[in-house]
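Chain by chain, the residues:
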Amino acid sequence: MTTENKIARFMRNTGPARFFIPFGIILIIAGILFLQFHTENYVETSGTIVSVTEAAKNPDEPQQYDVTVSFEANGQKYETCFQNLSGTYRTGEAIQVFYNPDDPSQNSNGTMSKAIPPIIIAVGVLALIFGVYKTIRAFQKSRALDESVPSQGQFSGQSFETFKEAIGVTEYYFRFDGHSLKPGYILEDADRKALFEGKMTKQALIGARTYDFENHFTGSVTAHEIGHTVMQTYNDEFFSAKSWFKIDGKNVWDLIHERGVRLSTDLHSRFPYLIYNVAKDGLPFARIESSSVYVHEEDDAEHKVKIPTGRMYYRIWTNSSDFDLLFLVAFAISETEQAVVE
């Protein structure tokens, strides 16, 4: 597996951790700072607005104000400024002020319960613990995936460079068929002979859809419940995107992993085409490349779509006759978003 893919897998699997760890640290620091400002014993008094200044803001934000206030405490006059207040304020109007009777220079325009800072700290600690736990689990998952296949799953992109021209490797096509009463996918050879089909027999907006997977070599037909694609992302990073669907109640990538398959994607590929190197038990199994709608070389040039549609049309090279597994991998790629590494 390439370094790029290792980083991608780590970044994606630690998506929750990279959110909760800094979030927890921020909450802990905020709670500690709030502890320094005990306001439950503050005394309330009435102050007078001395001046009102518009606070700096972005064009799409509501206007806030910096309000300078004078008030009297312990026989002395004090002046303070409350920043970024919302509402309407006018010079000379009265305004509430809360101050520390022991040091009126410590003041605010509101009070905070003594219980709030410990609660903030506790939530921060829980978020931090959860983030660390998810980080450890990400390392464990990556190591388990690498150690569960021969050669620790360390197949490289170079091992696939001449794979397409190797002896015994055959080219196949995987395409979406939406022109029948049972839309689905077809794996076919260069002569357009269908080798394997996955046809939808029941559509469902909610809940699983039903597909019939038919292997034309063995004549077997198996019904599967296919869930809708789930997309999970923790931020805007491409690496953090995680997409999957369930097949017969199980995560499709977990099912594929159990069969010794690992997927490596060169993110650069041949933009905008995407290339997937598929290894089984640590050895090259297939190379899958995204393609345009008309995937056959003999199709008329004027009918070809030069920009690949993605998630539906692929060219596949393999030296294996395990079409059940080959179809499942292509089906998983097509039904989910870009698979960085699996």
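Details of the structure are given in the entry above.
Structure report, in brief. Since the structure is predicted, the reported quantities are computational estimates derived from the model, not experimental observations. (Residues numbered from 1 in each chain as written. Predicted model: local features only at pLDDT ≥ 70, side-chain atom pairs only at ≥ 80, totals over all residues. Heavy atoms only, no water.)

## Re the overall build of the chain
Phase 1 of the analysis: A count of helices and strands for the chain gives five helices and 18 strands.
Phase 2 of the analysis: With 342 residues in all, the chain has 40% of them scored as buried.
Phase 3 of the analysis: Put simply, 55% of the contacts in the chain that link residues at least 6 apart link residues at least 24 apart. (Helix = DSSP H or I, 4+ residues; strand = E, 2+ residues; numbered from the N terminus. Buried < 20%, exposed > 50% of the residue type's maximum accessible area, 1.4 Å probe, protein only. Contact = heavy atoms within 4.5 Å.)

## Quick notes on unusual backbone geometry
Phase 1 of the analysis: For N74, which is not a glycine, the phi torsion comes out positive at approximately 55 degrees.
Phase 2 of the analysis: By secondary structure assignment, the location of N74 is in the loop between β2 (65-73) and β3 (76-85).
Phase 3 of the analysis: Its identity as a non-glycine residue notwithstanding, D248 has a phi of 55 degrees, on the positive side.
Phase 4 of the analysis: The residue D248 is located in the loop between β13 (246-247) and β14 (250-251) in this model.
Phase 5 of the analysis: Assessed through its relative accessible area of 44%, D248 is described here as partly exposed.

## Thoughts on the nonpolar core
Side chains of a nonpolar character, in soluble globular proteins, are inclined to be buried together.
Phase 1 of the analysis: Of all hydrophobic cores here, the largest spans 35 residues; its most connected members are F174, L187, I316, V329 and F331.
Phase 2 of the analysis: Sorting elements by how many residues they give to this core places helix α5 (residues 323-335) first, with ten residues.
Phase 3 of the analysis: If near-sequence neighbours (up to four positions away) are discounted, L187 is found in contact with Y172, Y173, F174, K193, A194, L195, F196, I316, F323, L326 and F327. (Core = buried A, V, L, I, M, F, W, Y, C linked by side-chain atoms within 4.5 Å.)

## Some words on the sheet that holds β3
Phase 1 of the analysis: Taking strand neighbours across the sheet as the criterion, the five strands line up as β3-β2-β1-β4-β5 in an open arrangement whose pairing is antiparallel. Of all the strands in the sheet, just β3 and β5 (103-108) have a single pairing partner and so form its edges. Going across the sheet, the axis of each strand differs from the next one's by a mean of 45 degrees, ignoring polarity.
Phase 2 of the analysis: Two strands pair when backbone bridges link them, and β2 and β3 are joined in this way by eight bridges, in the antiparallel orientation. Residue pairing for β3: V69 is matched across the bridge by T80. (Pairing = 2+ DSSP bridges. Axes fitted to C-alpha atoms, helices over the stretch in contact; angles between N-to-C directions.)

## What about the pattern of salt bridges?
Once their charged atoms are close, side chains differing in charge can pair, the charge on each being opposite to the other.
Phase 1 of the analysis: Per the counting criterion, the structure on display carries eleven salt bridges.
Phase 2 of the analysis: Of the charged contacts, one joins E93 and R90 as a salt bridge, the two residues approaching to 3.8 Å between their closest N and O atoms.
Phase 3 of the analysis: Assessed through its relative accessible area of 32%, E93 is described here as partly exposed.
Phase 4 of the analysis: By relative accessible area, R90 is classed as exposed at 52%.
Phase 5 of the analysis: The salt bridge involving E171 is made with R315; its shortest N-O contact spans 2.6 Å. Taken together, the residues E171 in strand β6 (residues 170-177) and R315 in strand β18 (residues 314-318) connect sequence positions 144 residues apart.
Phase 6 of the analysis: Bridged by salt links that share partners, the residues K164, R287 and E289 form one connected network. (Salt bridge = Lys/Arg side-chain N within 4 Å of Asp/Glu carboxyl O.)

## Some remarks on the layout of surface pockets
Phase 1 of the analysis: Within this model, the largest pocket holds a volume of roughly 230 Å³.
Phase 2 of the analysis: Lining the largest pocket are twelve residues, with N13, P16, K134, K141 and K242 positioned closest to its centre.
Phase 3 of the analysis: At four residues, the largest contribution of residues to the lining of the largest pocket is made by helix α3 (residues 116-147).
Phase 4 of the analysis: Here the residues of the lining of the largest pocket sort into four nonpolar, three polar and five charged. (1 Å grid on protein atoms, 1.4 Å probe; cavity = no way out; pocket = protein on both sides within 12 Å on 5 of 7 lines; lining within 4 Å. Points joined across faces, edges and corners; volume = space filled by probe spheres on them. Nonpolar A, V, L, I, M, F, W, Y, C, P; charged D, E, K, R; others polar.)

## A short note on the environment of L126
Phase 1 of the analysis: By the secondary structure assignment, L126 is in helix α3.
Phase 2 of the analysis: A C-alpha to C-alpha distance of 9.6 Å links L126 and I21, two positions 105 residues apart in sequence.

## Points about helix α2 (residues 15-35)
Phase 1 of the analysis: With 21 residues, α2 extends 31 Å between its outermost C-alpha atoms, agreeing within 8% with the 30 Å of an ideal straight helix rising 1.5 Å per residue.
Phase 2 of the analysis: When α2 is considered as a whole, its buried residues turn out to be G15, P16, A17, G24, L27, I28 and G31. Projection of α2 onto a plane perpendicular to its axis shows the buried side chains occupying an angular sector of 155 degrees, all on one side. (Expected span 1.5 Å × (residues − 1). Arc of directions from axis to C-beta.)

## Quick notes on the packing of aromatic side chains
Phase 1 of the analysis: Applying the stated criterion to the full structure yields 22 aromatic pairs.
Phase 2 of the analysis: Ring geometry for F19 and F20: centres 5.0 Å apart, planes at 85 degrees, overall edge-to-face.
Phase 3 of the analysis: On the basis of relative accessible area, F20 is assigned to the partly exposed category, the value being 25%.
Phase 4 of the analysis: A ring pair is formed by F217 and F323, whose centres lie 5.2 Å apart and whose planes are at 15 degrees; its orientation type is stacked. Residue F217 is found in the loop between β9 (209-215) and β10 (221-226), and its partner F323 is found in helix α5; the two are separated by 106 residues along the sequence.
Phase 5 of the analysis: Taken together, the ring pairs connect F174, F176, Y185, F196, Y211, F213, F245, Y276, Y314, F327 and F331 into an aromatic cluster.
Phase 6 of the analysis: When the ring centre of W317 is taken as reference, the NZ or CZ atom of K164 above it lies at 4.4 Å. (Phe/Tyr/Trp six-rings, centres within 6.5 Å; stacked < 30°, edge-to-face > 60°. Lys NZ or Arg CZ within 6 Å of the ring centre and 35° of its normal.)

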